[in-house]
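Descriptive analysis of the structure
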Amino acid sequence: MASTSNAELRLPAIFGDHMVLQRGTASVWGWASAGKTITVSMAGQEATAMVGSDGKWNASLTKLKPGGPFELSVSGDGSVTLTDVLVGDVWLGSGQSNMEFLLHQARDADTDIPQANFPQIRLFTVDHASSIAPKDDVKGAWKVCTPDSAKDFSAVAYYFGKGLHENLK
């Protein structure tokens, strides 16, 4: 679980323990008290950002090479430390019923779930919510692919991720 110290510093839910950051350049953003300086550090890199009058900040880590796990620290108006962070390729899976079809419902679930031990495959699932206006944040969490967690992965996302993992080593 992410460790957080007091103050105003806050990250959106997409930034959490077990997350994957895109290799190359990755932006990290959030909210804090206006005028504060925020420092983001990971894998020997550090980036700073000034919090705007709207309370928002954005810092970019560059030249991120695939690997991990890393610890990502954000400090300035409090602190947040995220653990078990990987750097690699991030793929988005989006849809309705096709993406909500869970692995435990799949035809080969009885054989695939016990073999679903892929700690480098991570899934962020956004909780259901309706809004007529764009949202700054969502509710959700990252999960590492294990036989215990995979049963509730989107079957489409699981088989896609497994295929990429096996073919792009």
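To keep things clear, this report deals only with the structure shown in the data block. (Residues numbered from 1 in each chain as written. Predicted model: local features only at pLDDT ≥ 70, side-chain atom pairs only at ≥ 80, totals over all residues. Heavy atoms only, no water.)

Quick look at the overall build of the chain now. What the chain contains, in helices and strands, is four helices and ten strands. Reading the chain from its N end, one meets helices and strands in the order β-β-β-β-β-β-β-β-α-α-β-β-α-α. Judged by the C-alpha coordinates and their principal axes, the chain covers about 55 × 40 × 25 Å. Long-range pairs, those at least 24 residues apart, make up 62% of the contacts in the chain between residues at least 6 apart in sequence. (Helix = DSSP H or I, 4+ residues; strand = E, 2+ residues; numbered from the N terminus. Contact = heavy atoms within 4.5 Å.)

Along the chain, the position of Gly-76 falls in the loop between strand 7 (67-75) and strand 8 (79-88). Separated by 26 residues in sequence, Gly-76 and Met-50 have C-alpha atoms that sit 9.6 Å apart. For Gly-76, the residues in contact, after removing those within four places along its chain, are Thr-37 and Ile-38.

Before going further, it helps to spend a moment on the pattern of salt bridges. The tally for this structure, following the rule as stated, stands at five salt bridges. The shortest N-O distance in the salt bridge between Arg-23 and Asp-89 comes to 2.9 Å. Residue Arg-23 is located in the loop between strand 2 (20-22) and strand 3 (24-31), and its partner Asp-89 is located in the loop between strand 8 and helix 1 (97-100); the two are separated by 66 residues in the primary sequence. Classification of Arg-23 by relative accessible area gives partly exposed; the value is 39%. (Salt bridge = Lys/Arg side-chain N within 4 Å of Asp/Glu carboxyl O. Buried < 20%, exposed > 50% of the residue type's maximum accessible area, 1.4 Å probe, protein only.)

On to the side chain of Ser-149, then. By the secondary structure assignment, Ser-149 is in helix 3 (residues 147-150). A relative accessible area of 15% places Ser-149 in the buried class. A polar atom in the side chain of Ser-149 sits 2.5 Å from the backbone oxygen of Val-144. (Polar contact = N/O pair within 3.5 Å; in protein donor to acceptor, adjacent residues only side chain to side chain.)

Turning our attention to the packing of aromatic side chains. Across all of its chains, the model carries five aromatic pairs by this definition. Ring geometry for Phe-15 and Trp-29: centres 4.7 Å apart, planes at 80 degrees, overall edge-to-face. Of the two residues, Phe-15 sits in the loop between strand 1 (3-5) and strand 2 while Trp-29 sits in strand 3, which places them 14 residues apart along the sequence. On the basis of relative accessible area, Phe-15 is assigned to the buried category, the value being 9%. (Phe/Tyr/Trp six-rings, centres within 6.5 Å; stacked < 30°, edge-to-face > 60°.)

Attention shifts here to unusual backbone geometry. Backbone torsion omega between Gly-68 and Pro-69 reads 10 degrees, so that peptide bond is classified as cis. By the element assignment, Pro-69 lies in strand 7. For Lys-63, which is not a glycine, the phi torsion comes out positive at approximately 55 degrees. Topologically, Lys-63 is positioned in strand 6 (residues 56-64).

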